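What follows is the residue order along each chain.
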Amino acid sequence: MSTTYGVCEGEEHVIQPDEEERDRIDDMMKIHSSDHRCMSDNTRKTILGLLIVVGIAVSWVGATQFTKSTYSDTFDAPFLVVWFSTLWMCVCYPGYFLPAFAFGGNRGHAKLIFRENESVFGSAGLTCVAFFKYVGPFCVCWAATNYMYAYALGTISAADVTALFSSNTAFIYILSWIVLNEKFVPLKVLATILSIGGLVVMAYADGFKGPTAVGIVLSVGAAIGAAIYKVFFKCVVGDASLGQVSLFLTLLSIFNLFFLWPVMLILHVTGVEEWNIKNIPWGVLCGSAALGVAFNFLINFGIAYTYPLYIAIGTVLGIPLNAVVDYIWRDTPFGVIKIIGTILIVGGFVLMLVPEPWQDKVRWPCLKPRGEELARVDSEDKSLLPEDEQKEK
């Protein structure tokens, strides 16, 4: 408690504050403490966010470049790369659970952690039916999306693939509008138009023919696949925690291990994918898988503990970084037209991140809110009535 000291007629005494002043001082101390704690949390999130930006950008560029480096005269197997990389996702849940258990303190805490995490599958938790019902379809979508992404890296440059893939935000909005009944926001429509325009420009720059056309189509297909995965994950699972997502990714890896290997074998036997156990580039393959795990874990960790803006920045930075790596180590230029297309895609990406209060302020003249339109019509109707009837109405 705060006290005030004063001197009166040469004697020192304590003047106790009255009740109103005491309450005012207590309120000021609470506000100061709250502001200090808020600043501390914001500072922590900002520092953590900046580290995550760097981690996401580096891991995504590294995983992409390592995947591209797997292609050679003796090895051409994008599905094998995807299958092997997905196996590494099994470390996600142990990587989350062990620290959570270590700081939990007792054995019963481990059960609580797992029960909270398995609730992502509903009130019954993780059952055999839930495993095949939820994990199976998402694993197939995951594998198909990553297969298209990896296949595209074998036909066009890494910078082109990442730029085209970044248009997935536009497809996410379109699907959200259809599936999740996302509200119609003019600014997001503009962002979608910019992203699609960027795709067209990128396709024009590369020349839409031959292997290049295949790479462009597969890159856009991967973007659509990623949008389908994210939107339906939101629709089925909802807002999952870091532990729930980590458990889901680990189970996805297990499903991949036991049920998708026949696809890899069929592609090899039929000659669609060329590889020999002696010629598999294990070093590059492990590098791609490890960085892929880091990328996915950092995204989910960042969503849980920092601001979504940092996740977006880290993803966008992957485009120029891949362009620099392609130019220096692969002698692949990134022309002016491609830069224009990338700017359009990134512009659409950024507009999707504009906060909702700002989005609501941006309106097209021809699209007035229904409430305002009804109010205007009602006002016009009143103006046609005599003065007495207007008052009654």
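Residues numbered from 1 in each chain as written. Predicted model: local features only at pLDDT ≥ 70, side-chain atom pairs only at ≥ 80, totals over all residues. Heavy atoms only, no water.

Undergrad: Before we go on, may I ask you to explain the pattern of salt bridges in this structure?
TA: As a working rule, side chains carrying opposite charge can pair if their charged atoms are close by. Using the criterion set out here, one finds 2 salt bridges in the structure. With a shortest N-O distance of 2.9 Å, Asp 160 and Lys 338 are connected by a salt bridge. Separated by 178 residues along the polypeptide, Asp 160 in helix α6 (residues 158-165) and Lys 338 in helix α14 (residues 336-351) bring together distant segments of the chain. Overall, Asp 160 belongs to the buried group, its relative accessible area being 1%. The salt bridge partner of Arg 330 is Asp 326, with a shortest N-O separation of 3.8 Å. We classify Arg 330 as partly exposed; its relative accessible area is 29%. For Asp 326, a relative accessible area of 1% puts it in the buried group. (Salt bridge = Lys/Arg side-chain N within 4 Å of Asp/Glu carboxyl O. Helix = DSSP H or I, 4+ residues; strand = E, 2+ residues; numbered from the N terminus. Buried < 20%, exposed > 50% of the residue type's maximum accessible area, 1.4 Å probe, protein only.)

Undergrad: Sorry, what's going on with the packing of aromatic side chains here?
TA: The final tally for this structure, using the stated rule, is 25 aromatic pairs. Note on Tyr 93 and Phe 97: the rings are 5.7 Å apart at their centroids and 35 degrees apart in plane angle, and the pair reads as tilted. With Tyr 93 and Phe 97 both in helix α3 (residues 92-102) and 4 residues apart, the pair spans about one turn of that helix. Take Tyr 93: its relative accessible area is 9%, and that puts it in the buried class. Of the residues examined, Phe 97 reaches a relative accessible area of 18% and is grouped as buried. A centroid spacing of 5.5 Å and a plane angle of 70 degrees characterise the contact between Phe 132 and Phe 259, whose relative ring orientation is edge-to-face. Taken together, the positions of Phe 132 in helix α5 (residues 128-153) and Phe 259 in helix α10 (residues 242-259) put the pair 127 residues apart, joining distant regions of the chain. (Phe/Tyr/Trp six-rings, centres within 6.5 Å; stacked < 30°, edge-to-face > 60°.)

Undergrad: Just to check I follow, could you spell out the side chain of Asp 326 for this structure?
TA: Mapped onto the fold, Asp 326 is located in helix α13 (residues 308-329). Among the polar contacts made by the side chain of Asp 326, one reaches the side chain of Gln 65 at a distance of 3.2 Å. (Polar contact = N/O pair within 3.5 Å; in protein donor to acceptor, adjacent residues only side chain to side chain.)

Undergrad: What is the right way to look at unusual backbone geometry in this model?
TA: Glycine aside, residues mostly have negative phi, and peptide bonds are mostly found in the trans state. One non-glycine residue with positive phi stands out, namely Asp 331, at about 55 degrees. Within the fold, Asp 331 resides in the loop between α13 and α14.

Undergrad: Quick question: what am I supposed to make of the state of the cysteines here?
TA: Disulfide: a covalent bond formed between the sulfur atoms of two cysteine residues. On inspection of all chains with the given rule, the structure shows 0 disulfides. Here Cys 92 is not disulfide-linked; the sulfur of Cys 90 is the nearest cysteine sulfur, at 8.1 Å. (Disulfide = S-S within 2.5 Å.)

Undergrad: Looking at this model, I keep getting lost on the environment of Phe 232. Mind explaining?
TA: On the secondary structure map, Phe 232 appears in helix α9 (residues 210-236). Sequence-wise, Phe 232 and Ile 172 are 60 residues apart; in three dimensions their C-alpha atoms are separated by 9.9 Å. Apart from the residues lying within four places of it in its own chain, the contact partners of Phe 232 are Phe 138, Val 179 and Val 237. (Contact = heavy atoms within 4.5 Å.)

Undergrad: What exactly am I supposed to notice about the packing of α6 against helix α8 (residues 186-206) here?
TA: To characterise two packed helices, one gives the angle between the axes of the helices and the distance between these axes. Where α6 contacts α8, the axes come no closer than 10 Å and their chain directions differ by 160 degrees. Accordingly, the angle class assigned to the pair α6 and α8 is roughly antiparallel. For the pair α6 and α8, the sense of crossing is left-handed. Contact residues: α6 offers Asp 160, Ala 163 and Leu 164, while α8 offers Leu 199, Met 202 and Asp 206. The residue makeup of the contact of α6 with α8, split by class, is 4 nonpolar, no polar and 2 charged. (Axes fitted to C-alpha atoms, helices over the stretch in contact; angles between N-to-C directions. Parallel < 35°, antiparallel > 145°, perpendicular 65-115°, else oblique. Left-handed = near helix turned anticlockwise from the far one by under 90°. Nonpolar A, V, L, I, M, F, W, Y, C, P; charged D, E, K, R; others polar.)

Undergrad: Could you clarify how one ought to interpret the packing of helix α7 (residues 168-179) against α9 in this entry?
TA: Following both chains from N to C, one finds α7 and α9 inclined at 40 degrees, their axes separated by 8 Å at the closest point. Of the possible angle classes, the one that applies to α7 and α9 is oblique. Crossing hand, α7 versus α9: right-handed. Note on element contacts: α9 touches α7 through Val 220, Ala 223, Ile 224, Ala 226, Ala 227, Ile 228, Lys 230, Val 231, Phe 232 and Cys 235, opposite Asn 168, Phe 171, Ile 172, Leu 175, Ser 176 and Val 179.

Undergrad: When you look at the environment of Ser 253 in this model, what are you seeing that I'm missing?
TA: With respect to the secondary-structure elements, Ser 253 resides in helix α10. Look at Ser 253 and you get buried, because its relative accessible area is 2%. When the C-alpha atoms of Ser 253 and Leu 87 are compared, they prove to be 5.1 Å apart, with 166 residues separating the residues in sequence. Among residues more than four places away in sequence, those in contact with Ser 253 are Thr 86, Leu 87, Trp 88, Met 89 and Cys 90. Separated by 3.0 Å, the side chain of Ser 253 and the backbone oxygen of Thr 86 make a polar contact.

These figures capture arrangement, not role.
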